[in-house]
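The primary structure of each chain is shown beneath.
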Amino acid sequence: MPEQSQIDASRSTKLRSDAALNRRRILAAATELFAERGLDVPMSAIARRAGVGVATLFRRFPDRESLVEEAFATQLDHCESVLFEAVSDPDPWNGFRRFIEEVCRMQIEDRGFTEAFLSTRAAAEDSEMPESDSGPNPNPDPGPGHRHGVDEKRREAEVQFSQLVDRAKRAGMLREDFAVSDLTMVLLANSGLSSASGRHTHELSQRLVAFLLFAFGTETARAQIAFPPPSRMGISELYSPTT
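The rules we used
- Residues numbered from 1 in each chain as written.
- Predicted model: local features only at pLDDT ≥ 70, side-chain atom pairs only at ≥ 80, totals over all residues.
- Heavy atoms only, no water.
- Helix = DSSP H or I, 4+ residues; strand = E, 2+ residues; numbered from the N terminus.
- Buried < 20%, exposed > 50% of the residue type's maximum accessible area, 1.4 Å probe, protein only.
- Contact = heavy atoms within 4.5 Å.
- Areas by Shrake-Rupley, 256 points an atom, 1.4 Å probe, with all protein chains shown as cover.
- 1 Å grid on protein atoms, 1.4 Å probe; cavity = no way out; pocket = protein on both sides within 12 Å on 5 of 7 lines; lining within 4 Å.
- Points joined across faces, edges and corners; volume = space filled by probe spheres on them.
- Nonpolar A, V, L, I, M, F, W, Y, C, P; charged D, E, K, R; others polar.
- Axes fitted to C-alpha atoms, helices over the stretch in contact; angles between N-to-C directions.
- Parallel < 35°, antiparallel > 145°, perpendicular 65-115°, else oblique.
- Salt bridge = Lys/Arg side-chain N within 4 Å of Asp/Glu carboxyl O.

Enquirer: What is the right way to read the overall build of the chain from this model?
Expert: Summing up its helical and strand segments, the chain has 11 helices and zero strands in all. Walking the chain from its N terminus toward its C terminus, one meets helices and strands in the order α-α-α-α-α-α-α-α-α-α-α. Put simply, the chain has 243 residues, and 39% of those count as buried. Of the contacts made within the chain by residues no fewer than 6 positions apart, 71% connect residues no fewer than 24 positions apart. Carbon and sulfur atoms make up 53% of the accessible area of the chain, which amounts to about 13600 Å² in all.

Enquirer: I would appreciate a short explanation of the layout of surface pockets in the present structure.
Expert: Taking a probe equal in size to a water molecule and rolling it over the atoms shows the remaining empty space. By volume, the second largest pocket is sized at about 190 Å³. Around the second largest pocket sit 13 residues that line it, and Glu-101, Ser-205, Gln-206, Val-209 and Ala-210 are the ones nearest its centre. Elements with a minimum of two residues in the lining of the second largest pocket: α6 (92-109) and α10 (198-216). At six residues, α10 tops the list of elements feeding residues into the lining of the second largest pocket. Across the lining of the second largest pocket, the residue classes tally to six nonpolar, three polar and four charged.

Enquirer: Can you walk me through the side chain of Thr-56 in this structure?
Expert: Residue position: Thr-56 is located in helix α3 (residues 54-60). In this structure, Thr-56 is in contact with Asn-22 and Ile-26, ignoring residues within four places of it in sequence.

Enquirer: Just to check I follow, could you spell out the packing of helix α4 (residues 64-71) against helix α5 (residues 73-88) for this structure?
Expert: Geometrically, a packed helix pair is captured by the angle between its two axes and the distance between the axes. Where α4 meets α5, the closest approach of the two axes is 4 Å, and the angle between their N-to-C directions is 60 degrees. When the interaxial angle is binned, α4 and α5 end up oblique. Contacts between α4 and α5 involve Glu-69, Glu-70 and Ala-71 from the former and Ala-73, Gln-75 and Leu-76 from the latter. Residues that form the contact of α4 with α5 fall into these classes: three nonpolar, one polar and two charged.

Enquirer: Please explain the pattern of salt bridges as it appears in this structure.
Expert: It is possible for side chains of opposite charge to pair when their charged atoms get near one another. On inspection of all chains with the given rule, the structure shows nine salt bridges. A salt bridge links Glu-70 to Arg-23; its shortest N-O distance comes to 2.6 Å. Placement of the pair is Glu-70 in helix α4 and Arg-23 in helix α1 (residues 3-37), with a sequence separation of 47 residues. According to the relative accessible area criterion, Glu-70 is partly exposed, its value standing at 35%. Arg-49 is the salt-bridge partner of Glu-32, the closest N and O atoms lying 3.2 Å from each other. A residue pair is termed long-range when its members are at least 10 positions apart, and Glu-32 in helix α1 and Arg-49 in helix α2 (residues 43-50) qualify at 17 residues. The structure contains a network of salt bridges with shared partners spanning Glu-85, Asp-89 and Arg-98.

Enquirer: Help me understand the environment of Ile-108 in this model?
Expert: Tracing the chain through its elements places Ile-108 in helix α6. For Ile-108, a relative accessible area of 13% corresponds to the buried category. Sequence separation of Ile-108 and Thr-201 is 93 residues, and the distance between their C-alpha atoms is 7.3 Å. With sequence-adjacent residues up to four places away left out, Ile-108 is seen in contact with Asn-190, Leu-193, Thr-201, His-202 and Ser-205.

Interpretation note: all reported values are geometric properties and have no functional meaning in isolation.
And the structure:
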């Protein structure tokens, strides 16, 4: 191989290696920040934590949707599996209860996850698209066809959850006035606990979910609900003293 060709091949290999490393850094930073702050975290903050430029981030992930979808791929697969198991449970109330409990547990552990899976616009584009050093972003938004992934999963989940709700009602275990949209209320209520002290968050969530399931269930279903012990978190712990 001519010397120049060897040099070119070496450079090409290094570029591919650098690009792969940048991609891993961006995904790691995005996963951390989405979990800490939710999906509204600025793309520039993700780039800073990853140690790359904003233009580099957009070259790897041309819009927020593509970044969200890949960052939450494993969690989305797990949630789909949980919902499938819930729908497949011969006892619809048990399936309903297990799904609510698990989704709320996942939400407490990762703030961005539930937004990514259930939000109607979980992967909305940033209003400002940066330019690279050599001009406009070389990888523009690929369009609606690319952005259907997370939303499609969400729609499929809504259909399956609706079927589970109908079965639980027919079994006489779920109140007739429970609406599929009440799942949003559950998630909003549970998300408020993320501001609690870390050592209390899970126990508070478990108790809240038990109360909600008790409210959603019929008399027969309520007899099956066991309440976790109260949290030891006091009102004085709600706010950290200012220094």
